[in-house]
Amino acid sequence: MFMLKVGVLASGSGTNLQAIIDACNEGKINAEVAAVISDNRNAFALERAREHGIESFFSDASDKRRHEEEIDRIFGERDVGLIVGAGYMRILSPQFVKKWYGRIINIHPALLPSFKGTDGQGDALRYGVKITGCTTHFIDEETDHGPIILQAAVRVKDGDDRDSLAARILKVEHQILPRSIDLFEQGRLEIHGRKVRILPGDSWMEYALPDVLYSEGF
Ligand code: GRF
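What you see as residue numbers is a count from 1 along each chain, following the sequence as written. For a predicted model such as this one, the threshold for reporting local features is a pLDDT of at least 70, and the threshold for listing and counting side-chain atom pairs is 80 or more; totals across whole chains, interfaces and linings nevertheless cover every residue. The side-chain values count all of the structure's non-hydrogen atoms but skip hydrogen atoms and water molecules.

Here we come to the site of the ligand. Only heavy atoms are used to decide nearness, and a residue is near a molecule or strand if one of them lies within 4 Å of it. What surrounds the ligand is the set Gly12, Ser13, Gly14, Thr15, Asn16, Ala86, Gly87, Met89, Pro109, Gln121, Leu170 and Glu173. Accessible areas in this description were obtained via Shrake-Rupley with a 1.4 Å probe; residue shielding takes into account the shown protein chains only. Taken by itself the ligand offers 360 Å² of open surface, and the protein chains cover 84% of this. Helix and strand definitions follow DSSP, with helices as H or I runs of at least four residues and strands as E runs of at least two, each counted in order from the N terminus. Those elements giving two or more residues to the shell around the ligand turn out to be helix H1 (15-25) and helix H6 (162-185). The residue makeup of the shell around the ligand, split by class, is four nonpolar, seven polar and one charged. Domain start and end points were adopted from an automatic or database domain assignment. The two domains that each donate at least three residues to the shell around the ligand are domain 1 (1-100) and domain 2 (107-218). Basically, the charged four are Asp, Glu, Lys and Arg, the nonpolar ten are Ala, Val, Leu, Ile, Met, Phe, Trp, Tyr, Cys and Pro, and anything else, Gly included, counts as polar.

So this is what it looks like as structure tokens:
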């Protein structure tokens, strides 16, 4: 039976990668992680991949063209049908994105278009917002800009520091990223310009966390 092969890009601890692996292993997604590539040779994400018998690669990103050629080759050789940025901190070139557009998604720990960039959680906290959250989106040629797939909103609580807020958001990232892969695998994501239409079907609302607002399609 056909199974979607997912290629994961990660730069850090890989808890989003772990959520994807777990969702695949639990049969929540009809997919498998075919390979994990990191620009950080010490990324714990690479260790997580190894622990699960998933091929893992360090790819030096100091030469962006070479780095992207390696990503293209490694994922191409493994018939990857969807690339997922799971805590991946590099900007991909327009050429690379053009080739994979519609088959490459990302998770961002804020409600885009607010708080783009490398510290969405801290920027939101410092700004003093009362509600923030996380976003999955298709990657396009601009940073943190592509058509949005799912969003979920969480409260900022009195006494929150960056870590406590980031931890609250992270739990929800671990839900909407696997769900976005699931929707892609089911063929339920249609891109219409800036908008993503999610075709009707099953729901993951049984997994909803209390006090979190999920966009249509979760
Ligand atoms: C997550 O909040 C992710 O959105 C951000 O880095 C945090 C850790 O991600 N880019 P992970 O644990 O490496 O998946």
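Glycine aside, residues mostly have negative phi, and peptide bonds are mostly found in the trans state. With an omega of 10°, the peptide bond running from Leu112 to Pro113 counts as cis. As for its placement among the helices and strands, Pro113 is situated in the loop between strand S5 (104-108) and helix H5 (120-127). Located in the positive-phi region is Asp79, a residue other than glycine, with phi close to 50°. Of note, the phi angle at Asp144 is positive, near 50°, even though the residue is not glycine. Along the chain, Asp144 turns up in the loop between strand S6 (131-138) and strand S7 (148-155). Buried residues are those whose accessible area, probed at 1.4 Å on protein chains only, stays under 20% of the maximum for their type, while exposed residues exceed 50% and partly exposed ones sit between those limits. Taking the relative accessible area as the measure of exposure, Asp144 reaches 12% and is therefore buried.

The subject of this paragraph is the pairing of strand S8 (residues 189-192). Here, strands pair whenever DSSP counts at least two bridges between them. Examined bridge by bridge, S8 and strand S9 (residues 195-198) share four bridges and lie antiparallel to one another. Residue pairing for S9: His192 is matched across the bridge by Lys195. Between S8 and S9, which pair antiparallel in sequence order, lie two residues; one of them, Gly193, sits at a positive phi of approximately 65°.

Another point: the nonpolar core. Within the largest apolar cluster, 48 residues are counted, with the highest numbers of intra-cluster contacts made by Ile20, Ile176 and Ile181. By residue number, the principal contributor to this core is H6, which donates eight residues. Each of domain 1 (1-100) and domain 2 (107-218) accounts for three or more of the residues forming this core. Ignoring anything within four residues of it in the chain, the contact list for Ile20 reads Val8, Val33, Val84, Ala86, Leu177, Pro178 and Ile181. Definition used in this section: a nonpolar core is a set of buried Ala, Val, Leu, Ile, Met, Phe, Trp, Tyr and Cys residues joined via side-chain atoms within 4.5 Å. Judged by nonpolar contacts, the second largest core, of 16 residues, contains Ile37, Ile71, Val80 and Ile83. By the convention used here, residues are in contact when the closest approach between their heavy atoms is within 4.5 Å.

Glancing now at the pattern of salt bridges. Within this document, salt bridges are pairs made up of a side-chain nitrogen of Lys or Arg and a carboxyl oxygen of Asp or Glu, the two lying within 4 Å of each other. Counting across every chain of the model gives 19 salt bridges. When the shortest N-O distance is used, the salt bridge between Arg50 and Glu47 registers 3.4 Å. Of the two residues, Arg50 and Glu47 are both situated in helix H2 (residues 44-51); the distance of three residues between them amounts to about one turn of the helix. Given a relative accessible area of 48%, Arg50 falls into the partly exposed group. Through salt bridges with shared partners, a single ionic network connects Asp119, Asp123, Arg126, Arg162 and Asp163.

The mixed open sheet is built from eight strands, whose spatial order is S3-S2-S1-S4-S5-S6-S7-S10. Both outer strands of the open sheet, strand S3 (55-58) and strand S10 (213-214), are each paired with one neighbouring strand and no more. Along the sheet, H2 contacts strand S1 (4-10), strand S2 (31-38) and S3; its crossing angle with S3, the most-contacted strand, is approximately 155°. Note on definitions: angles span 0 to 180 degrees between N-to-C directions of axes, and those axes are lines fitted to C-alpha atoms, for helices only across the stretch in contact. Packing of helix H3 (residues 64-77) onto the sheet brings it into contact with S1, S2, S3 and strand S4 (82-85), and relative to S2 it is tilted by some 155°.

Turning our attention to the packing of H5 against H6. At a minimum axis distance of 9 Å, the contact between H5 and H6 shows a crossing angle of 125°. Considering their axes alone, H5 and H6 lie oblique with respect to each other. Handedness of the crossing formed by H5 with H6: right-handed. Contacts between H5 and H6 involve Gln121, Gly122 and Leu125 from the former and Arg162, Leu165, Ala166, Ile169 and Glu173 from the latter. A per-class count over the contact of H5 with H6 returns four nonpolar, two polar and two charged. Here roughly perpendicular refers to angles of 65 to 115 degrees, roughly parallel to angles under 35, roughly antiparallel to angles over 145, and oblique to all remaining angles. Helix crossings get a hand from a simple test, with the near helix turned counterclockwise from the far one by less than a right angle marking a left-handed crossing and a clockwise turn marking a right-handed one.

The next subject is the environment of Gln151. Looking at the element boundaries, Gln151 is found in strand S7. Separated by 18 residues in sequence, Gln151 and Gly133 place their C-alpha atoms 7.2 Å apart. Excluding anything up to four places from it in sequence, Gln151 contacts Leu111, Leu112, Cys134, Thr135, Leu213, Tyr214 and Ser215.

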